[in-house]
Amino acid sequence: MSSQPRRGVTVPRLVLTLGVALVAGLMAAQVVPATGSSSGAVTTDPSGGATDDPLSDESGPIPSPDLSPSQMADLGAAAATSDVIQVIGKGSVIAPKDALTWTDDVPPLRLLGAAVTVTFNPAISVDADLPSLAYDESEKTSPPYVTYKTHVVGSNIGSMTVFVDMDGNLVGIIPDSDPNSKISSQETVGTPTLPTHHED
Amino acid sequence: MSRRPLILITAASLLLLALAGGSAQAHSVGNLGYVTGSGMNEDGVRNYDFDTQRVASDNVDWPVNLIFFDNASINTVKADLCTHGDLCTGGSTKNGRMDDEAPIASGSGCSNWCWDADSGSKTYVCGTVWGYDATDVHYRPYSPNPPDRMYNTYWGFYVFASSHWDKHDSSLCPGTSQYGWNEQAEKVIWQDWVDWRGTGAAWNNSPTDGNNYQPKHWAGDNYWDNSGEVTRLRVP
């Protein structure tokens, strides 16, 4: 009598204990880097992380060209002194805050120009046709963008992003790059043929 | 009674997707590789997601910059960020690539690298983010499917994700379409998590390195800015 309850309890516990040990052992065999996976040794970065994807980089790294400091300065000045910016910013102090490299996106990457943050102090109001650009992501044309006009109405605009090409020509303006600005409308002027818009 | 709003929301989402464009153009980078660091242990994660299921530096979409860990799965993360961050609208499908070396623990069959495709979730496509109009936050989480989560002894059950902003990504909010702002998207989601779960469940750095630093620059209509740090968000 006394052994029955013990067997009734002990055997399941033993099975459970062995099962847990087996699972733990299998998990340990899977998660300890030194033992690797069932498919073979895992190549890891010394600091951790497998780096042995059997699919290698088909194209190889894509180097990206940079503007030189003097090009940044020149293109920043070109953006700030462009006719369009001088007209809409009349009465404000206009200054280039920074100029970032602007390249295309299909290798081999080429410099397209600069994206310049131009500041207005005090902030300006705008009701004007401004140059815009629509980027052609297929990059089958040169340059890979279409320029057109957008009628912009807005106020409290402290800065804009101005795109200039490598010759310093203004090719497009993003009027709403200042989070404090109030842009009440942006309407395309006319019916230009623009590249297909891609959701990203 | 409760079905009508759901149908309306679904119809609205489909309309927004229809108004948005088709498949996106892949991007090119110079540092395609892996997420590494002590937290990764024996697992592997590619440090960018891909436009299609082809590993190539000229076929990437955006950098991996988020890890949801402890008890995460794709479904729990999506449900949480929809409820607590308004990231509820679907986007276009991209592809993450990973290697889960503890398939017994996670239940996955991905012990020698596999793909996962996910459209992710975004905020309203013509919404306002940090004062920027016509902007949405979009993230895409990945892990082997099934079971939609990975496992290792450091992170527990985890998924990783890329994130970015879209601007003027619909004809409903006309203007120059622009994409990127990866660091800013990462911070928005980090802030959503802090607001909901507190600072004890969200860190904007980790022992895991994305190896995907991108200095501020423009490529085409994309603004790149990514620190390479991986934000970690705990799912209890």
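Residues numbered from 1 in each chain as written. Chains lettered and ligands numbered in written order. Predicted model: local features only at pLDDT ≥ 70, side-chain atom pairs only at ≥ 80, totals over all residues. Heavy atoms only, no water.

**Quick look at the overall build of chain A**
What counts here: The helix and strand labels rest on DSSP assignments: H or I over at least four residues marks a helix, E over at least two residues marks a strand, and numbering proceeds from the N terminus. We call a residue buried when its accessible area falls under 20% of the maximum for its residue type, exposed when it is over 50%, and partly exposed in between, using a 1.4 Å probe and counting protein chains only. Residue contacts follow a heavy-atom distance rule, with two residues in contact if any of their heavy atoms lie within 4.5 Å.
In terms of regular secondary structure, chain A is built from three helices and five strands. Element order for chain A, N to C, with α for helix and β for strand: α-α-α-β-β-β-β-β. Taken over 200 residues, chain A has a buried fraction of 41%. Look at the contacts in chain A between residues 6 or more apart in sequence, and 60% of them connect residues 24 or more apart.

**Structural notes on the pattern of salt bridges**
Side chains that differ in charge, positive against negative, can pair when their charged atoms come close. Residues and elements named next belong to chain B. Inclusion rule: Here a salt bridge means any side-chain nitrogen of Lys or Arg lying within 4 Å of a carboxyl oxygen belonging to Asp or Glu.
Across all of its chains, the model carries 15 salt bridges over all chains by this definition. With a shortest N-O distance of 3.0 Å, Asp61 and Arg140 are connected by a salt bridge. Of this pair, Asp61 sits in strand β4 (residues 60-71) while Arg140 sits in strand β8 (residues 135-142), and the two are 79 residues apart along the sequence. For the pair Asp61 and Arg140, one class covers both residues: buried.

**Comments concerning the packing of helix α2 (residues 74-85) of chain B against helix α4 (residues 182-197) of chain B**
All names here are of chain B. The test is simple: What counts as an axis is a line fitted to C-alpha atoms, over the stretch in contact for a helix, and the angles between N-to-C directions run from 0 to 180 degrees. These descriptions rest on fixed angle ranges, namely under 35 degrees for roughly parallel, over 145 for roughly antiparallel, 65 to 115 for roughly perpendicular, and the rest for oblique. By the convention adopted, Pro, Cys, Tyr, Trp, Phe, Met, Ile, Leu, Val and Ala count as nonpolar, Lys, Arg, Asp and Glu as charged, and the other residues, Gly among them, as polar.
Interaxial distance between α2 and α4 falls to 10 Å at its minimum, and their mutual angle equals 80°. When the axes of α2 and α4 are compared, the pair comes out roughly perpendicular. For the pair formed by α2 and α4, the contact residues are Asp80, Leu81, His84 and Gly85 on the first element and Ile189, Asp192, Trp193, Trp196 and Arg197 on the second. Residue composition of the contact of α2 with α4, grouped by class: four nonpolar, two polar and three charged.

**Points about the packing of aromatic side chains**
All names here are of chain B. To keep it simple, the criterion reads: The pairing test for Phe, Tyr and Trp rings, Trp by its six-membered ring, is centres within 6.5 Å, and the orientation test on the planes gives stacked under 30 degrees, edge-to-face over 60, and tilted for anything in between.
Under the definition given, this model contains 21 aromatic pairs over all chains. Ring geometry for Trp130 against Trp165: centres 5.5 Å apart, planes inclined by 80°, an arrangement best described as edge-to-face. One end of the pair, Trp130, is in the loop between β7 (121-122) and β8; the other, Trp165, is in strand β10 (residues 156-167), with 35 residues separating them in the sequence. The interplanar angle of 85° and the centroid separation of 4.9 Å between the aromatic rings of Tyr154 and Trp155 together place this pair among those described as edge-to-face. We classify Tyr154 as partly exposed; its relative accessible area is 40%.

**Focus on the state of the cysteines**
Residue and element names in this part refer to chain B. Convention followed: By definition, disulfides here are pairs of cysteine sulfur atoms that lie within 2.5 Å.
According to the stated counting rule, one finds three disulfides over all chains in the structure shown. Here Cys82 engages in a disulfide with Cys88; their sulfurs sit 2.2 Å apart. The sign of the 105° torsion about the S-S bond sets the Cys82-Cys88 disulfide as right-handed. Here Cys126 is linked by a disulfide to Cys173, with a sulfur-sulfur distance of 2.2 Å. Between Cys126 and Cys173, the S-S torsion sits near -75°, and that sign places the bridge as left-handed. Pair noted here: Cys126 is in the loop between β7 and β8 and Cys173 is in the loop between β10 and β11 (178-180), with a separation of 47 residues, a long-range link.

**Focus: unusual backbone geometry**
Residues and elements named next belong to chain A. The omega angle of the peptide bond from Asn121 to Pro122 is 5°, so this bond is cis rather than trans. Relative to the assigned elements, Pro122 resides in strand β2 (residues 111-135). Positive phi, close to 55°, is recorded for Asn156, a residue that is not glycine. Locating Asn156 in the fold gives a position in strand β3 (residues 145-165). Accessibility expressed as a relative area gives 44% for Asn156, which makes it partly exposed.

**Thoughts on the nonpolar core**
The test is simple: Here, the term nonpolar core denotes a set of buried Ala, Val, Leu, Ile, Met, Phe, Trp, Tyr and Cys residues that are joined through side-chain atoms within 4.5 Å.
Counting 36 residues, the largest nonpolar core has Trp102 of chain A together with Phe68, Ile189 and Trp218 of chain B as the members making the most contacts within it. If one sorts the elements of this core by residue count, α4 of chain B sits on top with five residues. Contacts of Trp218 of chain B, omitting those with residues within four sequence positions, involve Leu100, Thr101, Trp102, Thr103, Ala115, Phe163 and Ile174 of chain A together with Gln178, Trp181 and Tyr223 of chain B. If you look at the next biggest cluster of nonpolar residues, it comprises 23 residues, including Leu67, Ile94, Val126 and Ala128 of chain A.

**Describing the pairing of strand β1 (residues 93-103) of chain A**
On a regular strand, one side chain projects to one face of the sheet and the next to the other, so that they alternate. To keep it simple, the criterion reads: At least two bridges found by DSSP between two strands is the condition for calling them paired.
Of the strand pairs in this sheet, β1 of chain A and β2 of chain A are connected by 10 bridges, and their pairing is antiparallel. What sits directly across from Val93 of chain A, in β2 of chain A, is Asn121 of chain A. Inspection of the sheet shows β1 of chain A paired to strand β14 (residues 214-219) of chain B by two bridges, in the parallel sense. Paired with Thr103 of chain A across the two strands is Ala219 of chain B, which belongs to β14 of chain B.

Just geometry here; none of it tells us what the structure is for.
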